[in-house]
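Chain and residue survey
Spelled out, the chains give:
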Amino acid sequence: MSEVQIKNMMKIYPGAKTPSVHDFNLEIKDKEFIVLVGPSGCGKSTSLRMVAGLEDISGGELYIDGKLVNDIAPKDRDIAMVFQNYALYPHMSVYDNMAFALKLKKTPKAEIDKKVREVAEILDITQYLERKPKALSGGQRQRVAIGRAMVRDPKVFLMDEPLSNLDAKLRNQMRAEIIKLRQRINTTFMYVTHDQTEAMTLGDRIVIMKDGYVNQIGTPQDLYDRPVNLFVAGFIGMPVMNFFDNCKLELKDGVYYANIKGVAYKLDEFQQKALKQNQQAPCDIICGIRPQHLTVGEGSLAGTVEVSEMLGSEVNLHVNCEGDDVVMVLPTVDLQDDVSMGAKVNFTTQPRLIQLFDKATTNNLVWYDKESVEAHSPKCKEYNF
């Protein structure tokens, strides 16, 4: 078993006025792939390094397989870490780089050789075992770094932005390799990235961080469909979600409406239920609609096409709607209207696809679990819907 429990973990550096990581709580199941994602400086790498033992934990508790490891040295935690810059020994061959940790443990030579060659075959680097790192490409070096961690059979596999130094094509290829690798070695993963595509494709669950706080934890689909606040909504999804400012949440005869630029959308049944349960009063809101959830051809919202990006299977439109830049992603196979630059278009969406954010707090009025969040921490909570 390789379960990880993080309870109220925090990090504050000497001389700092505020913690770099606040009240981090997370339970990672055995063989689960967890991705920490967020903008630069949000605390994701610091959190990973505390789990690895490379940074001291200023507060809270860290358990691996039920054992408190706060004061246990990194080498004794039975974890392995892959770094962004590979961290290979340049004077050693690929074989010796992969075997190094096992040699330090006084592992028998025959066992070392067997493990190194088994892992090299899995990663398709057997032909490079006698080469030095300088003779390898970036992708090959990253495979060696992963292989060096794999031979140790760690309880927990930690990866700190391992693909960020690779070009786009190679990054996509290595992402697929990591997915295959995960299926083969069946261990627990913690993976840090700033790339939301990596997070969405790799993670069983994703931890979204900002300014040292956890904003939301959930499956990729949870985060896409049910963002708890404006930040999460804008961070997940490409192109980014459209936000309509100066909207109103209206209540007429016991029925809620979202008023966007003078157009009142009667909200769906589940939205009505959530708003009524929270006894939500009419208020100023920000409405979020994903580019993929807008349709052209009918509707009361209107605008002028300023940019039309033809991508083959789909077209990305930038439409000026009363001064707002509204982005739409439309499948070309269904497109019948003129969407060239300067064209006038009408568009709409389904009310159930509109996200409603309180303008004052930026919290999602439908998906934000106010009571449980406030009982725990103002910004740190695992959400399960």
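One can find the structure itself at the top, above this paragraph.
Residues numbered from 1 in each chain as written. Predicted model: local features only at pLDDT ≥ 70, side-chain atom pairs only at ≥ 80, totals over all residues. Heavy atoms only, no water.

Concerning helix α5 (residues 168-185)
Just so we agree on the cut-off: Think of it this way: any DSSP run of H or I at least four residues long counts as a helix, any run of E at least two long counts as a strand, and we number them from the N terminus. One fewer than the residue count of a helix, multiplied by 1.5 Å, yields its expected span. For this analysis, residues touch if any pair of their heavy atoms sits within 4.5 Å. N or O atoms closer than or at 3.5 Å make up a polar contact, with two conditions inside protein: a donor-capable atom paired with an acceptor-capable one, and, for residues adjacent in sequence, both atoms drawn from side chains.
If you check α5, its first and last C-alpha atoms are 26 Å apart, about what 18 residues at 1.5 Å a residue would give, namely 26 Å. Taken together, the buried residues of α5 touch β3 (33-37), α4 (138-150), β7 (156-160), β8 (188-193) and α6 (196-202). Capping of α5 at its N-terminal end is provided by D167; its side-chain oxygen lies 3.2 Å from the backbone amide nitrogen of K169.

So, the packing of helix α2 (residues 94-104) against α4
Under the convention used in this document: Angles here are taken between N-to-C directions and fall from 0 to 180 degrees, while the axes themselves are lines fitted to C-alpha atoms, restricted in helices to the stretch in contact. For classification purposes, an angle smaller than 35 degrees is called roughly parallel, one larger than 145 roughly antiparallel, one from 65 to 115 roughly perpendicular, and anything else oblique. Working rule for handedness: look at the near helix, and if it is turned counterclockwise from the far one by less than a right angle, call the crossing left-handed; if clockwise, right-handed. Ten residues, namely Ala, Val, Leu, Ile, Met, Phe, Trp, Tyr, Cys and Pro, are considered nonpolar, four, namely Asp, Glu, Lys and Arg, are considered charged, and the remaining ones, Gly among them, are considered polar.
With their axes 7 Å apart at the nearest point, α2 and α4 run at an angle of 30° to one another. Our classification of the angle between α2 and α4 gives roughly parallel. Handedness of the α2/α4 crossing: right-handed. In this structure, α2 uses V94, N97 and M98 to contact α4, whose residues at the interface are V144, G147 and R148. Looking at the contact of α2 with α4, its residues break down into three nonpolar, two polar and one charged.

Some thoughts on the sheet that holds strand β17 (residues 324-331)
This is how the line gets drawn: In this analysis, strands are considered paired if DSSP registers two or more bridges between them.
Taken in spatial order, the four strands line up as β17-β16-β15-β18 in an open sheet, and their pairing is antiparallel. The open sheet has two edge strands with one neighbour each: β17 and β18 (344-348). Averaged over neighbouring strand pairs, the angle between their axes works out to 50° when direction is ignored. Sheet topology note: the strand β15 (residues 295-310)/strand β16 (residues 314-321) ladder contains six bridges and is antiparallel. Residue pairing in the sheet places V305 in a bridge with V319 of β16.

A short note on the side chain of S93
Assignment of secondary structure puts S93 in the loop between β6 (79-82) and α2. Dropping the residues within four chain positions of it, S93 is found in contact with L129, E130, R131 and K132.

Topic: the nonpolar core
For clarity, the cut-off: Nine residue types can take part in a nonpolar core, namely buried Ala, Val, Leu, Ile, Met, Phe, Trp, Tyr and Cys, and a core is a set of them joined through side-chain atoms within 4.5 Å. Burial classification: accessible surface area is computed with a 1.4 Å probe over protein chains only, and a residue below 20% of its type maximum counts as buried, one above 50% as exposed, and the rest as partly exposed.
Of all hydrophobic cores here, the largest spans 46 residues; its most connected members are M98 and I146. Discounting chain neighbours no more than four positions away, the residues touching M98 are V116, V119, A120, I125, L129, V144, G147, R148 and V151. By size, the runner-up hydrophobic cluster in this structure holds 34 residues, among which are L294, V319, A343 and F347.

Describing the environment of N97
Along the polypeptide, N97 turns up in helix α2. N97 gets classed as buried once you look at its relative accessible area, which sits at 0%. For the pair N97 and E298, spaced 201 residues apart in sequence, the C-alpha separation works out to 62 Å. Apart from residues lying up to four places away in sequence, N97 is in contact with L88, Y89, M92, P133, V144 and R148. For N97, the side chain forms a polar contact with the main-chain oxygen of M92, separated by 3.3 Å.

Remarks on the packing of α4 against α5
At a minimum axis separation of 11 Å, α4 and α5 run at an interaxial angle of 20°. Relative to α5, the element α4 is oriented roughly parallel. α4 and α5 meet at a crossing whose hand is right-handed. Counted together, G138, G139, Q142, R143, I146 and M150 of α4 and L170, Q173, M174, E177, I178, L181 and I185 of α5 form the full contact between these two elements. Here the contact of α4 with α5 is built from residues that sort into seven nonpolar, four polar and two charged.

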